[in-house]
Amino acid sequence: MPLEDGIILAYMSVWLGIGGAVWGSFADCAVSRWAAGERMFAGRSRCGACGHILSVFDLIPVFSWLFQRGRCKYCGERIPADCLLAELAGAAGFVCVGLRFGPVLALGQWLVWAGLLLWLALADGAKRVLPDGLLLLLAANRVVWFFVQKEGFDAIITAFRACFIPLLLLALVLLAEQVVGREVMGGGDVKLLLVLSLYLSWAQLLLALLAACLTGLLWAALAGRKRGTAVPFGPFLAVGGMLSVCFGDPVIHWYFGLF
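Predicted model, so just to flag it, every value in this text is computed and none were measured. (Residues numbered from 1 in each chain as written. Predicted model: local features only at pLDDT ≥ 70, side-chain atom pairs only at ≥ 80, totals over all residues. Heavy atoms only, no water.)

Focus on the overall build of the chain
Across its full length, the chain holds ten helices and zero strands. Each helix (α) and strand (β) of the chain, taken in turn from the N terminus, gives the series α-α-α-α-α-α-α-α-α-α. Here the chain has a C-alpha radius of gyration of 20 Å; the compact-globule value for 259 residues is 18 Å, and the two agree. Along the longest, intermediate and shortest principal axes, the C-alpha atoms of the chain span 60 × 60 × 35 Å. Burial analysis of the chain (259 residues in total) assigns 41% to the buried set. Considering only intrachain contacts with a sequence separation of at least 6, the fraction spanning at least 24 residues in the chain is 63%. Accessible area for the chain stands at about 15,100 Å²; split by element, carbon and sulfur atoms hold 69% of it. Within the chain, one finds 19 positive and 16 negative side-chain charges whose respective centroids are separated by 7 Å. (Helix = DSSP H or I, 4+ residues; strand = E, 2+ residues; numbered from the N terminus. Rg over C-alpha atoms; globule rule 2.2 N^0.38 Å. Buried < 20%, exposed > 50% of the residue type's maximum accessible area, 1.4 Å probe, protein only. Contact = heavy atoms within 4.5 Å. Areas by Shrake-Rupley, 256 points an atom, 1.4 Å probe, with all protein chains shown as cover. Lys, Arg positive; Asp, Glu negative; His and termini not counted. Charge placed at Lys NZ, Arg CZ, Asp CG, Glu CD.)

So, the pattern of salt bridges
Applying the stated criterion across every chain, the model contains three salt bridges. For the salt bridge of Arg 100 with Asp 249, the shortest nitrogen-to-oxygen distance reads 3.0 Å. Placement of the pair is Arg 100 in helix α3 (residues 81-101) and Asp 249 in helix α10 (residues 234-256), with a sequence separation of 149 residues. Judged by relative accessible area, Asp 249 falls into the partly exposed class, the value being 24%. (Salt bridge = Lys/Arg side-chain N within 4 Å of Asp/Glu carboxyl O.)

Things to note about the confidence of the model for the chain
When the pLDDT values of the chain are averaged, the result is 87; 95% of them are 70 or greater. At the level of individual helices and strands, the chain shows its lowest average pLDDT in helix α7 (residues 164-180), which scores 77, and its highest in helix α4 (residues 107-127), which scores 95. (pLDDT = per-residue confidence, 0-100.)

As for unusual backbone geometry
The residue Arg 69 is not glycine, and still its phi comes out positive at about 55 degrees. Topologically, Arg 69 is positioned in the loop between α2 (63-67) and α3. Assessed through its relative accessible area of 72%, Arg 69 is described here as exposed. Of note, the phi angle at Arg 128 is positive, near 55 degrees, even though the residue is not glycine. Along the chain, Arg 128 falls in the loop between α4 and α5 (132-148).

Comments concerning α5
Side chains three or four residues apart in an α-helix point the same way, a direct result of the helix having 3.6 residues per turn. Along its 17 residues, α5 runs 24 Å from first to last C-alpha, staying within 8% of the 24 Å computed at 1.5 Å per residue. Of the positions making up α5, those classed as buried are Leu 134, Leu 135, Leu 138, Ala 139, Asn 141, Arg 142, Trp 145 and Phe 146. All buried residues of α5 fall inside an arc of 145 degrees around its axis, so they share one side. Opposite the buried face of α5, at more than 90 degrees from it, the exposed residues are Leu 136 and Phe 147. Looking one or two residues past α5, Lys 150 carries a phi angle of roughly 55 degrees, positive in sign. (Expected span 1.5 Å × (residues − 1). Arc of directions from axis to C-beta.)

What about the side chain of Ser 13?
In this structure, Ser 13 sits in helix α1 (residues 3-35). When its relative accessible area of 14% is taken as the criterion, Ser 13 is described as buried. Among the polar contacts made by the side chain of Ser 13, one reaches the main-chain carbonyl oxygen of Leu 9 at a distance of 2.8 Å. With near-sequence residues (within four places) excluded, Ser 13 lies in contact with Val 95 and Leu 99. (Polar contact = N/O pair within 3.5 Å; in protein donor to acceptor, adjacent residues only side chain to side chain.)

Okay, structure coming up:
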């Protein structure tokens, strides 16, 4: 890579990391209010324990949490690490898609994609719900960029092929639920997979589903979850989709090269 291109990419990554951390902080605040039954966008940010209005210096993504050692400086109450994780996830997601696609027009589509995936993951983690409104926004983003980028009929065929994966999964889930007599997979997860099929090829979608299962099992093992315990799958689908889009192509090419 030429030195000039490397400098541009590094500069872009820094700003994407900052923007992603800010978005993660905003999304975490909105989801926390939504989960508590409050209006998401009403009023300034405040401590959840003492209610003190937070200043600008209390809201610097990542650094404020670290400098304050995860505690409110007004009352000393512990600040949930979820906020820090959301900020780090936002920064990592934006930087990854930036490095994957570079400074091109299509990057706009993938930044919105990454931002909405993070919001969906936080919502599912908080209330085990994948809001239909966010899913529709994610689908609408793809439709808008389809026209912005003037994509052709091939993009429609790719999406049509990919949608068979969630439809087949839905059939298997319904069959499994009849056999075991309980819910195996939430309907929101299937809808999220359907929306992801607008962005990913069928091979990428399969890889995303595999990555989601593996990361979900790893998390359950590390967290000490007992067998049969319900776990929100949306966050792991978001992680799987991100891994597949940003790092999955070499894996897919390697696999198909075996045949």
